[in-house]
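Chain residues, written in single-letter form:
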Amino acid sequence: MTAQTIAPLIPPRAQPGGREHSRPIVARRLPVAAVPEVPVVPDDVVYGFGRMDEWGRVADRAMIAALGWQPGDRLTLTAAAGVVTARRDPGGMVTMPAKPYLVIPAALRRRCGLRPGDRLLLAAFPARDALAAYSFAVVDQALRAHAPVPGEGRRA
């Protein structure tokens, strides 16, 4: 049995300077993916993290430096819904210590459900001369409200 060879089919070349008798090719543009707008951190806030020790101290030098708080400054601390807020206040009952940390009183720690070793999201607002410490329970709640966890079904 002998196989017959098939000659290759090669299209004729267009002659230089000449045009073939066919429709002009129109190039289609491919769709460009839309780039989602990424939010930008506002200039009026500085973020950091701190871990609370057994005495309620939370240290983050960058936060204290951003606020310009000095040892001996008086602070007023308030707490609500898992957030502790500190403001510089000449009539405040808490004094800024020599080392750059914030002491959250035991009553406020209990009110916010904070325990030794808890990590906190810190937000310094220099224009308002204030610092907010958010428990991770509050951060988690905000994240889930903004963008539910992928793969997690809606619960009624």
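That block above? That's the structure.
Presented here is a report on the structure given in the accompanying data block. On a predicted model such as this, the values are computed, not experimentally measured, just so you know.

**Considering the pattern of salt bridges**
- This model, assessed by the stated rule, comprises four salt bridges.
- Via salt bridges that share partners, Asp-73, Arg-88 and Asp-129 belong to a single interconnected network.

**Thoughts on the pairing of strand β3 (residues 74-80)**
- Here β3 shows a clear split, with Leu-75, Leu-77 and Ala-79 buried on one side and none of Arg-74, Thr-76, Thr-78 and Ala-80 buried on the other.
- Direction of pairing for β3 relative to strand β5 (residues 94-95): antiparallel, over a ladder of two bridges. Each residue of the ladder has a partner; that of Leu-75, found in β5, is Val-94.
- Sheet topology note: the β3/strand β4 (residues 83-88) ladder contains six bridges and is antiparallel.

**Quick look at the sheet that holds β3**
- Strand order in the open sheet formed by six strands is β1-β7-β8-β4-β3-β5, and the pairing between neighbours is antiparallel. Taken across any chain shown, the strands that pair with only one partner, and hence form the sheet edges, are β1 (46-51) and β5.
- Judged from the six bridges that link them, strand β7 (residues 119-125) and strand β8 (residues 130-135) form a sheet pairing that is antiparallel. From the neighbouring strand, Leu-122 faces β8, where its bridge partner is Ala-133.
- Running at roughly 80 degrees to β8, helix α3 (residues 136-146) makes contact with β1, β4, β7 and β8 of the sheet.

**Focus: the nonpolar core**
- Grouped together as the largest cluster of nonpolar side chains are 23 residues, with contacts concentrated most on Trp-69, Leu-77, Val-84, Ile-104 and Leu-131.
- Only α1 (61-67), β3, β4, α2 (106-112), β7 and β8 provide two or more residues apiece to this core.
- Once residues lying within four places of it in the same chain are set aside, the contact partners of Val-84 are Leu-77, Thr-78, Ala-79, Ile-104, Cys-112, Leu-114, Leu-131, Ala-132 and Ala-133.
- Counting residues in each nonpolar core, the second largest holds six residues, with Val-45, Val-83, Phe-125 and Ala-132 among its members.

**Considering the side chain of Asp-118**
- Here Asp-118 shows up in the loop between α2 and β7.
- Salt bridges are absent for the buried Asp-118, whose nearest opposite-charge side chain, Arg-115, sits at 4.2 Å.
- Sequence-distant contacts of Asp-118, defined by excluding residues within four places in its chain, comprise Gly-50, Arg-51, Met-52 and Gly-113.

**Here's the deal with the packing of aromatic side chains**
- Counted by the stated rule, this structure contains one aromatic pair.
- Ring centres of Phe-49 and Phe-136 lie 5.9 Å apart, and the angle between their planes is 40 degrees; this geometry places the pair in the tilted category. Residue Phe-49 is found in strand β1, and its partner Phe-136 is found in helix α3; the two are separated by 87 residues along the sequence.
- With relative accessibility at 45%, the residue Phe-49 sits in the partly exposed group.
- When the ring centre of Tyr-101 is taken as reference, the NZ or CZ atom of Arg-57 above it lies at 5.4 Å.

**Some thoughts on empty space enclosed by the protein**
- Inspection of the entire model under this criterion finds one cavity of 30 Å³ or more.
- Quantified by volume, the largest cavity comes out at close to 50 Å³.
- What lines the largest cavity is simply Val-58, Ala-59, Asp-60, Met-63, Ile-64, Pro-100, Tyr-101, Leu-102, Leu-122 and Leu-131.
- Elements with a contribution of two residues or more to the lining of the largest cavity: β2 (57-59), α1 and β6 (101-103).
- For the lining of the largest cavity, the residue count by class is nine nonpolar, no polar and one charged.

What counts and how
- Residues numbered from 1 in each chain as written.
- Predicted model: local features only at pLDDT ≥ 70, side-chain atom pairs only at ≥ 80, totals over all residues.
- Heavy atoms only, no water.
- Salt bridge = Lys/Arg side-chain N within 4 Å of Asp/Glu carboxyl O.
- Buried < 20%, exposed > 50% of the residue type's maximum accessible area, 1.4 Å probe, protein only.
- Helix = DSSP H or I, 4+ residues; strand = E, 2+ residues; numbered from the N terminus.
- Pairing = 2+ DSSP bridges.
- Contact = heavy atoms within 4.5 Å.
- Axes fitted to C-alpha atoms, helices over the stretch in contact; angles between N-to-C directions.
- Core = buried A, V, L, I, M, F, W, Y, C linked by side-chain atoms within 4.5 Å.
- Lys, Arg positive; Asp, Glu negative; His and termini not counted.
- Phe/Tyr/Trp six-rings, centres within 6.5 Å; stacked < 30°, edge-to-face > 60°.
- Lys NZ or Arg CZ within 6 Å of the ring centre and 35° of its normal.
- 1 Å grid on protein atoms, 1.4 Å probe; cavity = no way out; pocket = protein on both sides within 12 Å on 5 of 7 lines; lining within 4 Å.
- Points joined across faces, edges and corners; volume = space filled by probe spheres on them.
- Nonpolar A, V, L, I, M, F, W, Y, C, P; charged D, E, K, R; others polar.

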